[in-house]
Amino acid sequence: MKFWKKLNADERLLRVQSALKDNVDFSKDASLGYPASRLDERVFSNESLFLREMPVLSTFIANPNHIGCHTYGTSEYAFKGTQAIEREVLNMIAVDLFKIQEGEFDGYISPGGTEANAQALWIYRNEFMKKFGAKLDQIAILSSEDTHYSIPKAANLLMLGWIKIPVQFQTRELTDEQVRHAIKQALSEGKKYFIVVSNMGTTMFGSVDDPKIFTRILKEYQLPYRLHIDGAYGGFVYPFGDFENEINFTNPDISSITIDAHKMLQAPYGTGIFVCRKGLIDNVLTTEAKYVEGMDLTLCGSRSGANAVAVWTILTTYGPHKWFEKISVLKMRTNWLCKHLEELKIPYFREPEMNLVTLRSEAIPKKVAEKYTLVPQTHDESNQWYKIVLMDHVEIEHLKDFIQDLVKSKSLSSQ
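Residues numbered from 1 in each chain as written. Predicted model: local features only at pLDDT ≥ 70, side-chain atom pairs only at ≥ 80, totals over all residues. Heavy atoms only, no water.

Q: How would you explain the overall build of the chain if you had to name every residue and give the values?
A: The helix and strand tally for the chain stands at 11 helices and 11 strands. The globule rule puts the C-alpha radius of gyration for 415 residues at 22 Å, and the 23 Å found for the chain is close to it. With the C-alpha coordinates aligned to their principal axes, the bounding extent of the chain is approximately 75 × 55 × 40 Å. The proportion of buried residues among the 415 residues of the chain is 54%. For the chain, the accessible surface area stands at approximately 19500 Å², while carbon and sulfur atoms represent 53% of it. One way to put it: in the chain the 48 positive side-chain charges average out to a point 1 Å from where the 52 negative ones average out. (Helix = DSSP H or I, 4+ residues; strand = E, 2+ residues; numbered from the N terminus. Rg over C-alpha atoms; globule rule 2.2 N^0.38 Å. Buried < 20%, exposed > 50% of the residue type's maximum accessible area, 1.4 Å probe, protein only. Areas by Shrake-Rupley, 256 points an atom, 1.4 Å probe, with all protein chains shown as cover. Lys, Arg positive; Asp, Glu negative; His and termini not counted. Charge placed at Lys NZ, Arg CZ, Asp CG, Glu CD.)

What follows is the structure, encoded as structure tokens:
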């Protein structure tokens, strides 16, 4: 790892304090031109020693605006200190985790994965329109039926068609036959350009799509496409396994990746991360934002620099090796749960490298599901699945209690 290092508490605090000194200080400086200020000191006071020694909270109160994209051109000079920390985070993610060459990407810390996914679709829609003169009704989004709802939401906003491809019920896998059928159907309806969204850990199942199943067929038909990886949930889990992961920028077909920090990384809501190959993000340059120093290339515009500092602080607290260890422990707990589900003959789905288990609803009594706040696939009588996410707070003791309640319910139902 070139950029992702473990730092001790003093090193982290000094780095953030140094960054804040390089920013405008609204509590001291005569900064007349910004439509922003420190947080209201009657509500948010930074006088306590406790707050001054908490780098993320100190940044939250300092209130830096990270408008723009700090891997691309110049940015607002007033917040250069914490912008540098954001660039450090992006290097940890893009270069160290997702294997792109240094300096060959753009990206930013977004207000969540929904926006980060919309950012990707926005970029590729505009690219097709600029490069090929594509019309809106000629561009289609391809993804599985398990894809996050942010994709149809973004399709609606961008006025693009979304083609939802069925998956195998038990395995949650896309098949060559279904993908081919969807593409042929799209072509018959006048679609010529394709934006593929391939999942690295779906929200309900934790399933991981094989992106090559899309690109192989699109290449066969010689169709223009862009491939986006939605790793909002799985991005901080799936790459940390003892296997050869190819869902990263070593695959030349992958153009962008989304990953959420407010899920597995336990950063504050909302904190998403968007990274793409160099030369793509300028398709969404907002030239009208002339008063902004640098270029406005993001969907959100203004955004908090504290989110970037939060991600940086978490990553440097663990370092890559300790993070691997943490994910390994969660996977061990997941293995334990799956073993006991098998003993009880309860059908479930689990992606081998993920920490999410989805159970067939008919095997789970409703009272047990409610007691442990299992999340249903749908909140009505047609629900077929419940999911358990093995997050950091889910201990073996919780799982033991859950299994014991399932044993009791099976015992009662057999009487």
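Q: Hey, could you go over the packing of aromatic side chains for me, with residue numbers and the actual values?
A: Ring pairs (aromatic) are described by centroid distance and by the angle formed between their planes. Summed over all chains, the structure comprises 12 aromatic pairs. When the centroid spacing of 6.1 Å and the interplanar angle of 80 degrees are considered together, the rings of Phe205 and Phe349 count as edge-to-face. Pair noted here: Phe205 is in the loop between β4 (193-199) and α8 (212-220) and Phe349 is in strand β8 (residues 348-349), with a separation of 144 residues, a long-range link. The exposure class assigned to Phe205 is buried, which follows from its relative accessible area of 0%. Judged by its relative accessible area of 6%, Phe349 falls in the buried class. Judged by centre distance (5.3 Å) and plane angle (80 degrees), the ring pair of Tyr372 and Phe402 falls under edge-to-face. A residue pair is termed long-range when its members are at least 10 positions apart, and Tyr372 in the loop between α10 (366-371) and β10 (375-376) and Phe402 in helix α11 (residues 396-413) qualify at 30 residues. For Phe402, a relative accessible area of 3% gives the class buried. Through successive ring pairs, a cluster of aromatic residues spans Phe169, Phe205, Phe349 and Trp385. The positively charged end of Arg172 is found above the aromatic ring belonging to Phe205, 4.0 Å away from the centroid. Over the ring of Trp385 we find Arg360, and its NZ or CZ is 5.5 Å from the ring centre. (Phe/Tyr/Trp six-rings, centres within 6.5 Å; stacked < 30°, edge-to-face > 60°. Lys NZ or Arg CZ within 6 Å of the ring centre and 35° of its normal.)

Q: Lay out the packing of helix α1 (residues 9-22) against helix α9 (residues 305-343) in plain terms, naming residues and giving numbers.
A: For the pair α1 and α9, the least separation of the axes is 10 Å and the interaxial angle reads 155 degrees. One finds that α1 runs roughly antiparallel with respect to α9. Our pair here, α1 against α9, has a crossing hand that is right-handed. Contacts between α1 and α9 involve Arg12, Arg15 and Val16 from the former and Val309, Trp312, Thr313, Thr316 and Thr317 from the latter. Of the residues belonging to the contact of α1 with α9, the class tally is three nonpolar, three polar and two charged. (Axes fitted to C-alpha atoms, helices over the stretch in contact; angles between N-to-C directions. Parallel < 35°, antiparallel > 145°, perpendicular 65-115°, else oblique. Left-handed = near helix turned anticlockwise from the far one by under 90°. Contact = heavy atoms within 4.5 Å. Nonpolar A, V, L, I, M, F, W, Y, C, P; charged D, E, K, R; others polar.)

Q: Residue-level account of α1, with values.
A: Its 14 residues place the ends of α1 20 Å apart at the C-alpha level, agreeing with the 20 Å of an ideal helix rising 1.5 Å per residue. When we look at burial in α1, the residues that qualify are Arg12, Leu13, Val16, Ala19 and Leu20. The buried residues of α1 occupy one face: seen down the axis, they fall within an arc of 130 degrees. In α1, those exposed residues whose orientation departs by more than 90 degrees from the buried face are Asp10, Leu14 and Lys21. Sitting at the head of α1, Asn8 places a side-chain oxygen 3.1 Å from the backbone nitrogen of Asp10. (Expected span 1.5 Å × (residues − 1). Arc of directions from axis to C-beta. Polar contact = N/O pair within 3.5 Å; in protein donor to acceptor, adjacent residues only side chain to side chain.)

Q: Explain the sheet that holds strand β5 (residues 225-230) to me, and be specific about the residues and the numbers.
A: The strand order across the open sheet formed by seven strands is β1-β7-β6-β5-β4-β2-β3, and the pairing between neighbours is mixed. Every other strand in the sheet has two partners, leaving β1 (105-110) and β3 (161-165) as the edge strands with one partner each. Neighbour-to-neighbour, the strand axes of this sheet turn through a mean angle of 20 degrees, independent of strand direction. Here strand β2 (residues 139-144) pairs with β4 via four bridges, running parallel. Bridge pairing links Leu142 to Val196 in β4. On top of the sheet, helix α4 (residues 80-97) reaches β1, β6 (254-260) and β7 (272-277); it is set at about 120 degrees to β1, its chief contact. (Pairing = 2+ DSSP bridges.)

Q: Residues and numbers for α9, please.
A: Given 3.6 residues per turn, any residue in an α-helix points the same way as the ones three and four places further on. In this model, α9 (39 residues) spans only 48 Å end to end at C-alpha, well below the 57 Å of a helix rising 1.5 Å per residue. Gly319 marks the point of greatest bend in α9, at about 85 degrees, and the proline Pro320 comes within the next four residues. Measuring from the side-chain oxygen of the N-cap residue of α9 to the backbone nitrogen of Ala306 gives 3.0 Å; that N-cap residue is Ser304. Trailing α9 by a residue or two, Lys345 shows a phi angle of about 60 degrees, which is positive. (Bend = angle between axes of the 7 residues up to and from the residue.)

Purely geometric stuff here, so don't read any function into it on its own.
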